[in-house]
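Single-letter residue listing:
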Amino acid sequence: MSSGYPPNPPPHDGGHSNEANNYRESHHQYQNLAQAQPVRTINRTKTVKNNLGQAGNKVRGLFGKKQKDSDNGHNKVAGPREEPRSFSSGNSQRGWDRASIPSSFQEDPFDRPVSQAMSYYGERSGGPADNNNVRLEDNSTEHRPSSSVLDMSATATATTDDVRSMELPSLLDEIQQNYNLEDLSPEAQELVRELQQVNHNIAQMQKEVMTEAEKRQNLQFKLEEAKRQVQAQEQEYAQIEHKFFDHTRSIRATDDDLSTIRDAFKLLKYSIARLIMTLNKKADKQTATEKFASMWPHLGVTELEPSHVNLLAEKLVHEHLVQQIFRCPLYPGLEINDAYESVTQWLTAHNSEFPVRLRQQLAAIVAKSGKDSELYLASQAEKKKVIDLIYNDLAGVYEPFIRENDANVDEEKRYYAKVTDIVDKAMKLAIAMRGQEVDISTLDTKEGEEEFDEQTMIDVKGKTSGIVRFCICPAFVGGDGEHGFLEKGKVVIA
């Protein structure tokens, strides 16, 4: 007999074995009639709109057709009221309890589609036909599910976005309006409570999703704003830097900076070392010893090895360059050197920053002076004095090789020309140093007393500790740690 209550669930993996056997037997008997019936194939990829309608049919199928029972009641004789059919009735051959509910219904309610709770009443879970479509076949009038129950089997597994779009409040309102929840079985009431909980969870998650979306939008806006500000600041910095370099270039004596000055130092040292290597073993040991002893009596020079003769000759060249060029107050040959030094010391003592600008301006004047100017002629005269001084000292150490060689070769191949080239490099380097923001100066070394300092020194043989026997070339330092300059000195460790 047809009733408004939903049919009992079909057998599943968690059911009783007798129920499974009965179902298989009846299935074989109803095969022919089932083929005559139209097969209802429901695609699981239906839209959320259809799923909502199907979910409503499922809920109505679960709790009975109240309106139909009400209409039938007008044609029936009043009798004892039939109690609602319990979902766990022990009188039904295919009854079920909470333990037989598939495990998918016991997962997190938010992760499970809402309509899945009812879809159990129209499909066999776990069968091969469940992969893409649900195919229900039954030819029994007594056991064939109603159309609303067939509709329940058509519900596709909804994604989280689909669940978010379902109107569960309207379904719950429909249940509460059409059914008296107190008259339902405890299992049905529990399912209603689960629906309510799912609805609450969805609403809560929707709020969280909206909140996170707003946060993400705000963060994205802030990120774009920060990128825009950084880009604007970078452009502004580039403009300031460009203007700064244009300004400093206008007052700088040359276009050199600290990096090019450092390269110029290395080139100057290489030129001196190469000059001395061409004189290797050309010196008279006795003459060289007497020359070095007279120049640096504190070194205690007595017996010299050939390698030490070359190192001391290299020291001789560097010392003349340092004393005559690099330690000159402004530039060799200028009559204002002494006056400039006095003014600079006075300004520095009074914490003035003007000495830097004064030095740069004067260096620019020297660098831009013409070849017929008084400044240029004075500097050239002083440069010749330095060249002659270095050449004569080297000729005294390597007596008589240097003078005899220069007397027999072309001018450009003479040692005098090589010394001139070295002094020219030193003069250009000196004017470039005077035009910098930082004041680059030499660092004195106490020979025979000071310990080796790897921060400011390099030993010719690679040693890293010991007493400095003599210094070949002093260290050049200037500025601070951020904008500083350092060219390490070259020493010989005892």
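Report follows, based on the coordinates. If you're wondering where the values come from, they're calculated on a predicted model, not measured in any experiment.

Cut-offs and rules
Residues numbered from 1 in each chain as written. Predicted model: local features only at pLDDT ≥ 70, side-chain atom pairs only at ≥ 80, totals over all residues. Heavy atoms only, no water. Helix = DSSP H or I, 4+ residues; strand = E, 2+ residues; numbered from the N terminus. Buried < 20%, exposed > 50% of the residue type's maximum accessible area, 1.4 Å probe, protein only. Contact = heavy atoms within 4.5 Å. Areas by Shrake-Rupley, 256 points an atom, 1.4 Å probe, with all protein chains shown as cover. Axes fitted to C-alpha atoms, helices over the stretch in contact; angles between N-to-C directions. Parallel < 35°, antiparallel > 145°, perpendicular 65-115°, else oblique. Nonpolar A, V, L, I, M, F, W, Y, C, P; charged D, E, K, R; others polar. Pairing = 2+ DSSP bridges. Salt bridge = Lys/Arg side-chain N within 4 Å of Asp/Glu carboxyl O. Core = buried A, V, L, I, M, F, W, Y, C linked by side-chain atoms within 4.5 Å. Polar contact = N/O pair within 3.5 Å; in protein donor to acceptor, adjacent residues only side chain to side chain. Phe/Tyr/Trp six-rings, centres within 6.5 Å; stacked < 30°, edge-to-face > 60°. Patch = residues over 30% accessible without salt bridge, like charges linked within 9 Å, V, L, I, M, F, W, Y side chains within 5 Å. Lys, Arg positive; Asp, Glu negative; His and termini not counted. Charge placed at Lys NZ, Arg CZ, Asp CG, Glu CD.

Attention shifts here to the overall build of the chain. The helix and strand inventory of the chain stands at 16 helices and eight strands. Of all 494 residues assigned to the chain, the portion counted as buried reaches 37%. Within the chain, contacts between residues at least 6 apart in sequence are counted, and of these 73% link residues at least 24 apart. For the chain, the exposed area adds up to about 29,500 Å²; of that, 50% sits on carbon and sulfur atoms.

At a minimum axis distance of 7 Å, the contact between helix H14 (residues 374–397) and helix H15 (residues 401–408) shows a crossing angle of 115°. Looking at the two axes, H14 sits roughly perpendicular to H15. Contact residues: H14 offers Tyr391, Asn392, Leu394 and Ala395, while H15 offers Ile402, Arg403 and Asp406. When grouped by side-chain class, the residues that make up the contact of H14 with H15 number four nonpolar, one polar and two charged.

Attention now goes to the sheet that holds strand S6 (residues 475–478). Backbone-to-backbone hydrogen bonds join strands into a sheet, with any given pair of strands oriented parallel or antiparallel. Read from one edge to the other, the open sheet built from three strands follows the order S3-S6-S7, with strand pairing classed as antiparallel. Of all the strands in the sheet, the pair left with one neighbour each is strand S3 (441–443) and strand S7 (485–487). Direction aside, neighbouring strands of the sheet carry axes that sit 30° apart on average. Two elements, S3 and S6, share three bridges in a ladder whose sense is antiparallel. Paired with Thr442 across the bridge in S6 is Phe476.

Turning to the pattern of salt bridges, a few remarks are in order. Side-chain pairs of opposite charge can arise whenever the charged atoms involved come near each other. Going through the model one piece at a time under the given rule, you end up with 14 salt bridges. In this structure, the salt-bridge partner of Glu487 is Lys269, at a minimum N-O distance of 3.2 Å. Residue Glu487 is found in strand S7, and its partner Lys269 is found in helix H9 (residues 258–277); the two are separated by 218 residues along the sequence. Accessibility expressed as a relative area gives 6% for Glu487, which makes it buried. Lys269 gets classed as buried once you look at its relative accessible area, which sits at 16%. Here Asp393 and Lys291 are joined by a salt bridge, their closest N and O atoms 3.0 Å apart. Remark: Lys291 occurs in helix H10 (residues 285–295) and Asp393 occurs in helix H14; sequence separation between them is 102 residues. The exposure class of Lys291 is partly exposed, given its relative accessible area of 25%.

Our focus in this paragraph is the pairing of S6. Working note: regular strand, side chains alternate between the two faces of the sheet. Relative to S7, S6 runs antiparallel, the two sharing three bridges. Residue Phe476 lies in a different strand from S7, and its bridge partner there is Glu487.

Counting 60 residues, the largest nonpolar core has Phe292, Leu321, Phe326 and Leu394 as the members making the most contacts within it. Of all the secondary structure elements, the ones that give two or more residues to this core are H9, H10, helix H11 (306–326), helix H13 (354–367), H14, helix H16 (415–434) and strand S5 (468–473). Top element by residues in this core is H16. It accounts for 11 residues. Here Leu394 is in contact with Leu275, Ile276, Ala313, Leu316, Val317, Ile402 and Val419, once residues within four sequence places are set aside.

Turning next to the environment of Thr278. Relative to the assigned elements, Thr278 resides in the loop between H9 and H10. On the basis of relative accessibility, which here comes to 34%, the residue Thr278 falls in the partly exposed class. Sequence-wise, Thr278 and Asn310 are 32 residues apart; in three dimensions their C-alpha atoms are separated by 9.9 Å.

Another point: the environment of Ser271. Looking at the secondary structure, you find Ser271 in helix H9. Judged by its relative accessible area of 7%, Ser271 is buried. Residues Ser271 and Ile422, 151 residues apart in the sequence, show an inter-C-alpha distance of 6.8 Å. Excluding its chain neighbours within four sequence positions, the residues that come into contact with Ser271 are Ile422 and Lys425.

Tracing the sequence through the fold places Gln436 in the loop between H16 and S3. Under the relative-accessibility criterion, Gln436 is labelled buried at 4%. A polar atom in the side chain of Gln436 sits 2.9 Å from the backbone oxygen of Asp256. Those residues in contact with Gln436, other than ones at most four positions away along the chain, are Arg252, Asp256, Asp257, Leu258, Ile261, Val356, Arg359 and Gln360.

Taken as a whole, this structure holds seven aromatic pairs when the rule is applied. Seen in terms of ring centroids, Phe265 and Phe476 are 4.3 Å apart; in terms of plane orientation they differ by 45°. Their pairing is tilted. Of the two residues, Phe265 sits in helix H9 while Phe476 sits in strand S6, which places them 211 residues apart along the sequence. For Phe476, a relative accessible area of 2% puts it in the buried group.

What follows is about a negative patch on the surface. A cluster of acidic side chains, namely Asp284, Glu290, Glu399 and Glu404, defines a negative patch on the protein surface. Within the fold, Glu399 resides in the loop between H14 and H15.

The next thing to look at is the sheet that holds strand S8 (residues 489–493). One open sheet holds the three strands; their spatial order is S4-S8-S5, and the pairing between them is mixed. In the strand order of this sheet, the two ends are held by strand S4 (457–459) and S5, each with one partner. The average angle at which neighbouring strand axes cross in this sheet is 35°, direction not considered. Alignment of S5 against S8, held across four bridges, turns out to be antiparallel. If you follow Cys471 over to S8, its bridge partner there is Val491. Strand contacts of H11: S5 and S8, with the helix running at about 55° to S5, the strand carrying the most contacts.

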